[in-house]
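# Residue-level structure breakdown
Chain residues, written in single-letter form:
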Amino acid sequence: MGFNAEELKSKRVGVLMGGLSAEREVSLRTGSACAEALESKGYIVRRIDVQKDVAARLLEEGVEVAFIALHGRWGEDGCIQGLLESMFIPYTGSGVLASAAGMDKVFSKRVFVAHDIQTPACAVFENLEAFQAAPRLPFELPAVVKPSGEGSSVGVKIVKDAASLREAVAEASRLKGAILIERYVKGREIQVAVLDDEALGAIEILPANEFYDYAAKYQANTTRYLFPAPIPAAQEATACATALAAHRALGCGGATRSDLILDADGRCWLLEVNTLPGMTSASLLPKIAAGKGIDFPSLCERLLLGASLKG
Ligand SMILES: Nc1ncnc2c1ncn2[C@@H]1O[C@H](COP(=O)(O)OP(=O)(O)O)[C@@H](O)[C@H]1O
Ligand SMILES: [Mg+2]
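Keep in mind that what you see is a predicted model, and the values were worked out from it rather than measured. (Residues numbered from 1 in each chain as written. Chains lettered and ligands numbered in written order. Predicted model: local features only at pLDDT ≥ 70, side-chain atom pairs only at ≥ 80, totals over all residues.)

## Focus on the sheet that holds strand β5 (residues 143-147)
Reading across the sheet, the 4 strands line up as β4-β7-β5-β6 and stay open at both edges, with antiparallel pairing between neighbours. Either end of the sheet is taken by a strand with one partner, and the two such strands are β4 (122-125) and β6 (157-159). When strand polarity is set aside, the average angle formed by the axes of neighbouring strands in this sheet is 25°. Helix α8 (residues 162-173) rests against β5, β6 and β7 (179-183) of the sheet, and its axis sits at about 15° to β5. (Pairing = 2+ DSSP bridges. Helix = DSSP H or I, 4+ residues; strand = E, 2+ residues; numbered from the N terminus. Axes fitted to C-alpha atoms, helices over the stretch in contact; angles between N-to-C directions. Contact = placed C-beta atoms within 7 Å.)

## Re the domain arrangement of the protein
Considered domain by domain, the protein is made up of domain 1 (5-92 + 299-305), domain 2 (102-118 + 186-275) and domain 3 (122-183). The C-alpha centroid of domain 2 is placed 25 Å from the C-alpha centroid of domain 1. In this complex, domain 1 contributes 6 residues to the contact, which on the side of domain 2 involves 7 residues. Residues of the side of domain 1 that touches domain 2, tallied by class, amount to 2 nonpolar, 1 polar and 3 charged. (Domains from an automatic or database assignment. Nonpolar A, V, L, I, M, F, W, Y, C, P; charged D, E, K, R; others polar.)

## Focus on helix α2 (residues 24-40)
Taking 1.5 Å of rise per residue, the 17 residues of α2 would be expected to cover 24 Å, and the 24 Å separating its terminal C-alpha atoms lies within 8% of that figure. Those residues of α2 lying buried are Val26, Ser27, Arg29, Thr30, Gly31, Ala33, Cys34, Ala35, Ala37 and Leu38. Its buried side turned inward, α2 meets β1 (12-17), β2 (44-49), β3 (65-68), α9 (214-218) and α12 (296-305). Backbone geometry just after α2 places Gly42 at a positive phi near 95°. (Expected span 1.5 Å × (residues − 1). Buried ≥ 20, exposed ≤ 12 C-beta atoms within 10 Å, placed from the backbone.)

## Here we look at the site of ligand 1
Close contacts around ligand 1 come from 17 residues, with Ser153, Glu182, Phe211, Tyr212 and Leu271 the closest. Looking at the shell around ligand 1, the elements that each hand over two or more residues are β5, β11 (255-263) and β12 (268-274). Of the residues assigned to the shell around ligand 1, the class counts are 9 nonpolar, 3 polar and 5 charged. Two domains each provide a minimum of three residues to the shell around ligand 1, namely domain 2 (102-118 + 186-275) and domain 3 (122-183). (Near = placed C-beta within 6 Å.)

## Notes on the sheet that holds β2
Hydrogen bonds between backbone atoms are what pair the strands of a sheet, whose relative direction is either parallel or antiparallel. Read from one edge of the open sheet, 3 strands run β2-β1-β3, paired in parallel fashion. With one partner strand each, in any of the chains shown, β2 and β3 form the two edges of the open sheet. Strand-to-strand twist of the sheet, defined as the mean angle between neighbouring strand axes without regard to direction, takes the value 30°. Bridge count between β1 and β3: 4 bridges; the pairing is parallel. Paired with Leu16 across the bridge in β3 is Ile68.

## Focus on the nonpolar core
Counting residues in each nonpolar core, the largest one holds 69 residues, and the members touching the most others are Val15, Leu16, Cys34, Leu38, Phe67, Val192 and Leu260. The element that contributes the greatest number of residues to this core is helix α10 (residues 233-250), accounting for 6 residues. Looking at which domains feed residues into this core, each of domain 1 (5-92 + 299-305) and domain 2 (102-118 + 186-275) gives three or more. Among residues more than four places away in sequence, those in contact with Leu38 are Val13, Val15, Tyr43, Val45, Phe67, Cys300, Glu301 and Leu304. Counting 12 residues, the second largest nonpolar core, distinct from the first, contains Phe125, Ala143, Leu165 and Val169. (Core = buried A, V, L, I, M, F, W, Y, C linked by C-beta atoms within 7 Å.)

Structure below.
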């Protein structure tokens, strides 16, 4: 599987970025950073802003290998991966099934549970009416309400009483996917990067707000990151093992970044696996990789060398 660097340097690499999802702007930043990094390593790069005519653009530009720098729907959820499989263009990262599974929080949670990976207890409601018909939870408040099919904390709310629970469920029901309500786990926010089936390390996030919401991710400069996460070695090992188990359970490839909460008893709770983590120079995966001695251009090259058809 994969290529060697010499072979790839004669091929046209398409960096797929932008796209039609709500995370377009972040993807454009990821894509530009990766395209520049690959050029600095001597690759022939074509920047592809993904729109509905993406198949025609790939043919026009003669793209032979695809580096996926998309986020959110149509990019992270298996759609573009399926198109590339059908066009026989090898691509970076996870395949169709793992991408689709990772994007759906309810589906991926079922996979984690089947693999005995510790994840907060939850209730799932297909829609608002299902919740209104039986608004009971198998755990006490506070809880976290999330739409199953969004990312970047869109629609995620921490609720402490019944009235705000109802309001958050109504809001989540207007977004993509079923409504997931999770037990709120109080603890430290940790993220672990996995690259080529190896956990690279853990970073701690200290958001200034109540939780790591959209503003903290992309707008505020107030969020602080601690790398390596200042946690006991045994807890770091558990966090890394959990992220690696989750990456494998979904059948992911390339790089993933898992979100976890470490509680006061040192237990580690998996929230989700991101199959296309942000790759701007300020993003967390590159920060973790740098701590392992992998600089940003080398990280991009590693991902590119792992490109393949996975179908
Ligand atoms: N069960 C939970 N307990 C405590 N905080 C949570 C929980 N679920 C989510 N959060 C907070 O919400 C953020 C976003 O949730 P996450 O499941 O990672 O979805 P997203 O795809 O939107 O990033 C997390 O980074 C964390 O700060
Ligand atoms: Mg997250």
